[in-house]
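In case you want the letters, here they are:
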Amino acid sequence: MDNVATHEDWKVCFSEFGPGLLLFARQWVRSPTDAEDIVQEAFVKFWRRNHRVNNRALLYATVRSIALDVIRRDSRRARREAEVFSDSEQSIGPQFELGDESQLALAAAIDRLPHEQREVLVMKIWNELTFAEIATALGISNNTAASRYRYALNALKKSFQTQ
Amino acid sequence: MNDFSEIENELKKLRAARPSPDLAARIECALAEADQSAVTAAIITKPRRFHFNWLSAGLGLAAAAAFLVFARINVDRTPAPTNRVAQNTPVPQTSAVSSFIPTGATQVVYHTRDEGLHYAAGYEEPMRRMRYQKRETLQWRNPNTGASLRVSYPSEEVVLTPVSGQ
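If you're wondering where the values come from, they're calculated on a predicted model, not measured in any experiment.

Caption draft 1: Highlighting the overall build of chain A. When helices and strands are counted, chain A shows eight helices and one strand. Counting from the amino terminus, helix and strand elements in chain A follow one another as α-α-α-α-β-α-α-α-α. Counting all 163 residues of chain A, 44% fall into the buried class. Within chain A, residue pairs in contact and separated by at least 24 positions form 62% of the contacts whose partners lie at least 6 positions apart.

Caption draft 2: Looking closely at the nonpolar core. Residues and elements named next belong to chain A. Core analysis: the biggest nonpolar cluster contains 53 residues, and Ala25, Ile38, Val39, Tyr60 and Val63 have the highest contact counts within it. By residue number, the principal contributor to this core is helix α3 (residues 56-73), which donates nine residues. Residue contacts for Ile38: discarding those within four places in its chain leaves Ala25, Val29, Val63, Ile66, Ala67 and Val70.

Caption draft 3: Molecular detail of unusual backbone geometry. Residue and element names in this part refer to chain A. One non-glycine residue, Glu128, lies in the positive phi region at around 55°. Tracing the backbone through its elements, the reader meets Glu128 in the loop between α6 (115-126) and α7 (131-138). Judged by local crowding, Glu128 falls into the exposed class, with 12 C-beta atoms found within 10 Å.

Caption draft 4: Geometry of the sheet that holds strand β3 (residues 127-141) of chain B. All names here are of chain B. With antiparallel pairing, the three strands of this open sheet are ordered in space as β2-β3-β4. Either end of the sheet is taken by a strand with one partner, and the two such strands are β2 (101-118) and β4 (148-162). Across the sheet, the mean angle separating the axes of adjacent strands is 15° when strand polarity is ignored. In the sheet, β2 pairs with β3 via 14 bridges, with the strands oriented antiparallel.

Caption draft 5: Broad picture of the interface of chain A and chain B. Every contact between the two is made by 40 residues of chain A and, on the other side, 32 residues of chain B. Broken down by secondary-structure element, the contributors of at least two residues to the side of chain A that touches chain B are α1 (10-25), α2 (32-48), α3, β1 (96-97), α5 (101-111), α6 and α8 (142-162) of chain A. Among the residues forming the side of chain A that touches chain B, the class breakdown is 20 nonpolar, 11 polar and nine charged. Of the pairings in the sheet, the one linking β1(A) to strand β1 (residues 15-16) of chain B comprises two bridges and is antiparallel in character. Within β1(B), the position partnered with Phe96(A) by the bridge is Ala16(B).

Caption draft 6: Quick peek at the environment of Cys13(A). If you trace the backbone, Cys13(A) turns up in helix α1. Sequence separation between Cys13(A) and Phe43(A) is 30 residues; the distance between their C-alpha atoms is 9.9 Å.

Caption draft 7: Representation of the packing of α1(A) against α6(A) within the structure. Residues and elements named next belong to chain A. The N-to-C vectors of α1 and α6 enclose an angle of 170°; their axes lie 10 Å apart at closest approach. Between α1 and α6, the crossing angle belongs to the class labelled roughly antiparallel. On α6, the residues that touch Gly20, Leu23 and Phe24 of α1 are Val122, Met123 and Trp126. Its residues assigned to classes, the contact of α1 with α6 comprises five nonpolar, one polar and no charged.

Caption draft 8: Examining α6(A) more closely. Residue and element names in this part refer to chain A. When the terminal C-alpha atoms of α6 are compared, their 16 Å separation across 12 residues agrees well with the 16 Å that a helix rising 1.5 Å per residue should span. Counting buried positions along α6 gives 10 out of 12 residues, so the element sits mostly inside the fold. For α6, the set of buried residues is Gln117, Arg118, Glu119, Val120, Leu121, Val122, Met123, Lys124, Ile125 and Trp126. Positive phi appears at Glu128, one or two residues downstream of α6, with a value of about 55°.

What counts and how
- Residues numbered from 1 in each chain as written.
- Chains lettered and ligands numbered in written order.
- Predicted model: local features only at pLDDT ≥ 70, side-chain atom pairs only at ≥ 80, totals over all residues.
- Helix = DSSP H or I, 4+ residues; strand = E, 2+ residues; numbered from the N terminus.
- Buried ≥ 20, exposed ≤ 12 C-beta atoms within 10 Å, placed from the backbone.
- Contact = placed C-beta atoms within 7 Å.
- Core = buried A, V, L, I, M, F, W, Y, C linked by C-beta atoms within 7 Å.
- Pairing = 2+ DSSP bridges.
- Axes fitted to C-alpha atoms, helices over the stretch in contact; angles between N-to-C directions.
- Nonpolar A, V, L, I, M, F, W, Y, C, P; charged D, E, K, R; others polar.
- Parallel < 35°, antiparallel > 145°, perpendicular 65-115°, else oblique.
- Expected span 1.5 Å × (residues − 1).

Next comes the structure, spelled out in structure tokens:
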């Protein structure tokens, strides 16, 4: 997977990163179909430019950039998303294959996190990006990425303990 | 980070939902189409698109028009020659338009937004897009009459900076 993207290995790359990319895209759009459209556009754009496959920061930055463009393109959607972001109770949140009730509660707690913390958490836990990669993708410092992650874990730990 | 190992393990137990089966097929089609369009793009070289900020240009023109209107009013106010027989001091003949001199130009950036990495048309490498929202103020003063003119308008600037991602 260290080679430059070629047509032969895109399926391997997609099967590895697909669920994480989709989860990442779901933070900005409500419907899974919209999220899949974003992932498709980002993945094709990334692949066409023959970037190194292990440049995951750029891949996630592309997803983020396209997601923000999609929101901006549709003003009605932008308004709706802005309302969603301002109301943490109804935030979109990552989508999981949920098992028991504790997982359901944990997913709900993730949903309640501030958007910038959830973004870092999703990239770190379910996409296994390093803080340096997260920092590059989001245009923030390594320390900011690490501290957002820590705040997210701290909030989740508290909500987990209260259950 | 040991304090968080328990919660991290719980989080890792959550599995992200898998993409729908047809997404891979859609990507395959899109990549095939992209290959075809890449062949076309190699033959037809696209001209570089000139980015023109219509908002700033419009406001700039409005400011210039306002300046001309005020300058004209000032010309009209110059004292008309009278038919007095005797006059102690002659009225100085000055051009009000030419005596308006620029005295200041300020640009206050009141909001900066980092819009992340983007692919600009015609560029292979990603670029970081910064959006600056500003208020620009231009000032002129007529040293002869003491009249001053100030025009202030909002403007927006988008700056693309190349990023070497790899």
